[in-house]
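If you want the building blocks of each chain, they are given just below.
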Amino acid sequence: MHDFASFLPLVITCAGALLLMLYAVCPKAEQEKASLMSMGFFAVAFFAQLLVVCTVSRSVFPETFNGLLGVSSFTNAACLIIYACGFFTTLSSHTYFRENHFATVEFYSLLLFSAVGMVLLSMARELITAFIALEIMSLAIYILVGFNRASSRATEALFKYFILGAFSGAFFCMGTAMIYGAAGSTRFESIAEWLAFNPATTPLMLGGAFFLLITIFFKISAFPFHAWVLDVYDGSSNPITGFMATALKTAAFALIANFLALSGNLHDSWITGLFWIAVFTMFGGNLIAIGQDNIKRMIAASGIVHSGYLLIALVAINSEHFSGAVIAYYLAAYSVATLGMFAALSWLGGEGEKRVNFDDFKGLAKRQPLAAATITIFLLSMAGIPPTAGFMGKFYIITSAITAGQIALGVLGIISSILSMWYYLRLIVSMYFHDAEEDFVVNGTSLASISTVALAIGTFAIGLFPLVL
Amino acid sequence: MIEDYLVLSVILFCIGILGVISRRNVFTVLMSIELMLNAANLAFVAFARLNETMDGQILAMMVIAVAAAEAALGLAVIILLHRQKGRLDSNVFSLLKG
C-alpha cells in the first residue's frame, strides 16, 4: 500500500497528461483553460509528493516493481523539484502565451508527459527503465522546443537538439548492452552485487559506464558535450528554456548520482575523470558566459557552470552512506533562481521575445522596480551571495568536496564562482545604472509576475532552510 | 561464434557514428542513428545468448519500440525542415551561431 502511495504523484501527473490529450480533441478546447488544468495537476502532484515525503518512511520498494524503480529521500527531493519546476513553468507559459500566440492544449499535455519521464528517470533502478524514461522525457522536450512551427530559429534548435539527443541516446543503449554483457543484468542491485566481487575496470564495465556517462554529460551539458546548449536554449521559447535548464538537469543528475552511488568500486574508478570534467565544465562555461550579449545564452552558459558545481558534488558523494542531500539542495537552489529568471523573461520579454539582450534591459529598475529587484535576487543567488539559497548550496558542495579530500576541487569551485560574478553583475549594472530607453509596457499583473515574486521569496526561504542530512 | 556477433555489433555502431558525424543529409543522419540503436540490439541479443538468460532479448524489444517512437518524431522534424528550408542538407542551418 505504501508502495502505491509513493507512486501516486506520478500516477496523477500521467493521468493529467492523458486527460489533457483527450481535452485537446474537444472542439471547445482553449489553451488558457488547459494551462490552468496543468497547473492544478502539477500542484496536486507536488502536494501528494510532499505528503509521501512526510508520511512514508521506508526507503526502497524492491518487491512492487521487481527492483526496476526505487524511492529514497533523494529521489523524493528530486521529484519535488521536478513538480515545482513544472508548476512554475506552467505559470510562466500562461503569461508568455498572451503575447506569443502559438500554444495549443497539447503544449501542456507534453509538459506533463515530460515531467512523467523525468520522475521515472530519477526513480529508475534499472538501465533499460532509465533509457525508456529518458526517451519519454526527451521526446516530449523535443516537441516543446520546436513548438513554434512558424519560427525557423525554433526549428533549427529542435533539429540540433533532436539529432544530438538521439545520438547520445544510442550511446546510452550501447552502454546498457555492454554493462548487461559484463554483469549479466541491467538492474542496479545485481550490478552492485557483481561489482562487489569484480573490478569496475574490466573492459565491458568500463566501456559501458563510459557510454552511459557520455549520455548524461550530454543531457547536463558538461564539458566536451556543451556546445548545443547555447543554440537550443536560444531557439526555444522562454518557459521551455527554463524547464529544460532546471527539471531536466535535476532528473539527469538524480540518475547519474544513483548510478555512481551503486558501489564504491565504480565511483572510485571514475573520480579522476569526473574531477577533470568538473574543472573544465566550470571554467569552460565561465569563458563562454563572459562573451555573451544575449541573456538566454548567458543563462545557458551559466547553466554549464552550475553543472560543473554539481559534478563536484558528484565527485564527493559517499557511496557507503549515499544521501544525495547536497546535490538535491543545490539543484533546488539553482532551479528556483533559474526558473525565476525565465519567469521574469516570459513576463518582460514582450511579443516575439523582443527583449533578450543585456542592452534591452537598460534602466529597468526605473520603470519596473519590482521586476528589477527580483531579477537581481535571482542573479545574486546564482552568483552565490550570502543570504540566498545559491550561497548555501555552494557552501554545502564545497564543504562536501573538502570532507571527501578533494581540496583542489573545492578551491577551483570558489575561483570559478568569483569569475562568474562578472556576467551576473553586468546585467544588474545595466538594469540599475543606465537610463531607461523604453517604457517596458507589460499588461498588468500576470501569473508570471506572481511566480517571479514567489520564487524570489523561495530563494531566501531555501537559503534559510538548513540541509537535512 | 557469439564473439563474431559482438564484433559485428561494434562495426555497425562505428558505421553509425561515422554516418552521424560525416554525412550532411538529414535522412542519412537519422538512419545512422537507427543503425547505432540496432547495433546495441544485436549486442543485447548476443549477450543474452552468452549469459544464457532471456533478459537481453526482451530489452532488445523495448529498444526497438523506443527507436520506432524516435524515428516517427524524426520524420516529423524532417517534414518541418523541408517545409521551411526546401532542402534536407544540414548545411543550410545557420541562424543560430555556434
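Scoring rules and cut-offs
Positions within a chain are numbered from 1, following the residues in the order the chain's sequence is written. Naming scheme: in the order in which they are written, chains are lettered from A and ligands are numbered from 1. Local features in this predicted model are restricted to residues of pLDDT 70 or higher, and side-chain atom pairs are both shown and tallied only at a pLDDT of 80 or more, whereas totals for entire chains, interfaces and linings draw on every residue. Side-chain metrics rest on all non-hydrogen atoms present in the structure, leaving aside hydrogens and water. Secondary structure elements follow DSSP: runs of H or I of four or more residues count as helices, runs of E of two or more count as strands, with numbering from the N terminus. We compute the radius of gyration over the C-alpha atoms and compare it with the globule rule, which gives 2.2 Å times the number of residues raised to the power 0.38. Any residue under 20% of the maximum accessible area for its type is buried, any over 50% is exposed, and the rest in between are partly exposed; the area is computed with a 1.4 Å probe on protein chains only. In this analysis, two residues are considered to be in contact whenever any of their non-hydrogen atoms come within 4.5 Å of each other. Per-residue and other accessible areas were derived by the Shrake-Rupley procedure at a 1.4 Å probe size, with only the shown protein chains allowed to occlude residues. In this tally Asp and Glu are treated as negative and Lys and Arg as positive; neither His nor the chain ends contributes. Just so you know, the charge point we use is NZ for Lys, CZ for Arg, CG for Asp and CD for Glu. By this rule the span expected of a helix is its residue count minus one, scaled by 1.5 Å. Put simply, buried area is the surface a 1.4 Å probe can reach on two separate parts but cannot reach once they are joined, added for both. What makes a salt bridge here is a side-chain nitrogen of Lys or Arg within 4 Å of a carboxyl oxygen of Asp or Glu, nothing more. N or O atoms closer than or at 3.5 Å make up a polar contact, with two conditions inside protein: a donor-capable atom paired with an acceptor-capable one, and, for residues adjacent in sequence, both atoms drawn from side chains. Following the grouping adopted for this structure description, the nonpolar residues are Ala, Val, Leu, Ile, Met, Phe, Trp, Tyr, Cys and Pro, the charged ones are Asp, Glu, Lys and Arg, and the polar ones are all others, Gly among them. Between the N-to-C directions of two axes lies an angle of 0 to 180 degrees, each axis being a line fitted to C-alpha atoms and, for a helix, fitted only over the stretch in contact. For classification purposes, an angle smaller than 35 degrees is called roughly parallel, one larger than 145 roughly antiparallel, one from 65 to 115 roughly perpendicular, and anything else oblique. Note: crossing handedness is left-handed where the near helix turns anticlockwise from the far helix by less than a right angle, and right-handed where it turns clockwise. Among buried residues, those of type Ala, Val, Leu, Ile, Met, Phe, Trp, Tyr and Cys that are joined through side-chain atoms within 4.5 Å constitute a nonpolar core. Like charges are joined within 9 Å and nonpolar side chains (Val, Leu, Ile, Met, Phe, Trp, Tyr) within 5 Å, but only among residues with over 30% relative accessible area and no salt bridge; these make up the patches. Confidence scores here are pLDDT values: one per residue, from the predictor, ranging 0 to 100.

**Thoughts on the overall build of chain A**
Helices and strands together make up the secondary structure of chain A, namely 18 helices and zero strands. On C-alpha atoms alone, chain A measures out to a radius of gyration of 21 Å, which is about the 23 Å that the 2.2 N^0.38 rule sets for 469 residues. Viewed in the frame of its principal axes, chain A has a C-alpha envelope of about 70 × 55 × 40 Å. For chain A, with 469 residues in total, the buried portion stands at 65%. Counting only contacts in chain A whose residues sit at least 6 apart along the sequence, the fraction spanning at least 24 positions is 82%. Total accessible area on chain A stands at roughly 15900 Å², and carbon and sulfur atoms take up 70% of it. Side chains of chain A carry 20 positive and 24 negative charges; the gap between the two charge centres is 4 Å.

**Focus on helix α15 (residues 369-383) of chain A**
Residue and element names in this part refer to chain A. Taking 1.5 Å per residue, 15 residues should reach 21 Å; α15 reaches 21 Å between its end C-alpha atoms and fits that length. All buried positions along α15 are accounted for by Ala371, Ala372, Thr374, Ile375, Thr376, Phe378, Leu379, Ser381, Met382 and Ala383. Taken together, the buried residues of α15 touch α12 (295-315), α13 (325-348), α14 (364-367), α16 (389-403), α17 (407-432) and α18 (447-464). Trailing α15 by a residue or two, Gly384 shows a phi angle of about 90°, which is positive.

**Points about the interface of chain B and chain A**
Contact with chain B, which involves 40 residues of that partner, is made by 41 residues of chain A. Across the chain B to chain A interface the summed buried area is about 3500 Å²; carbon plus sulfur atoms make up 78%. Inspection of the chain B/chain A interface yields one salt bridge. Of the charged contacts, one joins Lys85(B) and Glu156(A) as a salt bridge, the two residues approaching to 3.8 Å between their closest N and O atoms. Counting across the interface, chain B meets chain A through five residue pairs in polar contact (both at pLDDT 80 or more). If you list the elements that add at least two residues to the side of chain B that touches chain A, you get α1 (2-22), α2 (26-51) and α3 (55-85) of chain B. No other element matches the 15 residues that α3(B) contributes to the side of chain B that touches chain A. Considering only residue class, the side of chain B that touches chain A consists of 27 nonpolar, nine polar and four charged.

**Considering unusual backbone geometry**
Of note, the phi angle at Ser221(A) is positive, near 55°, even though the residue is not glycine. Relative to the assigned elements, Ser221(A) resides in the loop between α8 (203-219) and α9 (227-235). What makes Ser221(A) buried here is its relative accessible area of 2%. The backbone of Glu52(B) sits at a positive phi, close to 55°, despite the residue not being glycine. By the secondary structure assignment, Glu52(B) is in the loop between α2 and α3.

**Details of the packing of helix α5 (residues 127-145) of chain A against α8(A)**
When two helices pack together, their arrangement is given by the angle between their axes and by how far apart the axes lie. All names here are of chain A. Between α5 and α8, whose axes approach to 13 Å, the crossing angle comes to 25°. Regarding the angle of α5 to α8, the classification is roughly parallel. The chirality of how α5 crosses α8 is left-handed. Together, Leu127, Leu134, Met137, Ser138 and Tyr142 of α5 and Leu212, Thr215 and Lys219 of α8 make up the contact between the two elements. A class-by-class count of the residues in the contact of α5 with α8 yields five nonpolar, two polar and one charged.

**Structural notes on helix α6 (residues 152-183) of chain A**
For an α-helix, 3.6 residues make a turn, and residues three or four places apart therefore share a direction. All names here are of chain A. Along its 32 residues, α6 runs 46 Å from first to last C-alpha, staying within 8% of the 46 Å computed at 1.5 Å per residue. If you check the start of α6, you find a side-chain oxygen 3.3 Å away from the backbone N of Arg153, and it comes from Ser151. Gly184 lies just past α6 and shows a positive phi near 80°.

**Comments concerning the nonpolar core**
Residue and element names in this part refer to chain A. Membership of the largest hydrophobic core comes to 206 residues, with the highest contact counts inside it found for Tyr161, Met244, Leu311 and Ile327. Sorting elements by how many residues they give to this core places α6 first, with 19 residues. Residues in contact with Tyr161, not counting those within four places in the same chain, are Ile141, Tyr142, Val145, Phe218, Lys219, Trp228, Val232, Met244 and Leu248.

**Brief notes about a nonpolar patch on the surface**
Residues and elements named next belong to chain A. A cluster of nonpolar side chains, namely Ile402, Ile407, Val411, Ile415 and Leu419, defines an oily patch on the protein surface of about 410 Å² accessible area. The element that contributes the greatest number of residues to the nonpolar patch is α17, accounting for four residues. With respect to the helices and strands, the residue Ile415 is situated in helix α17. You can call Ile415 partly exposed: its relative accessible area is 40%.

**Some remarks on the side chain of Ser446(A)**
Turning to its location among the elements, Ser446(A) is positioned in the loop between α17 and α18. Setting aside chain neighbours within four positions, we find Ser446(A) in contact with Thr95(A), Arg98(A) and Trp347(A).

**Details of the packing of α15(A) against α16(A)**
All names here are of chain A. Contact geometry for α15 and α16: axes closest at 6 Å, N-to-C directions at 10°. Classed by the angle they form, the pair α15 and α16 counts as roughly parallel. Between α15, through Ser381, Met382 and Ala383, and α16, the contact on the second element is made entirely by Ala389, Gly390, Phe391 and Lys394. Residues belonging to the contact of α15 with α16 are distributed by class as follows: four nonpolar, two polar and one charged.

**Concerning the environment of Ala154(A)**
Residue position: Ala154(A) is located in helix α6. Discounting chain neighbours no more than four positions away, the residues touching Ala154(A) are Val145(A), Gly146(A), Asn148(A) and Gly235(A).

**A few points about the confidence of the model for chain B**
Close inspection of predicted coordinates is inappropriate in any region flagged by low pLDDT. All names here are of chain B. Taken over all residues, the pLDDT of chain B has a mean of 87, while the share at 70 or more is 92%. Model confidence for chain B, summarised as mean pLDDT per element, is weakest for α3 at 90 and strongest for α2 at 92. Prediction confidence for the complex, expressed as pTM and ipTM, is 0.93 and 0.94 respectively.

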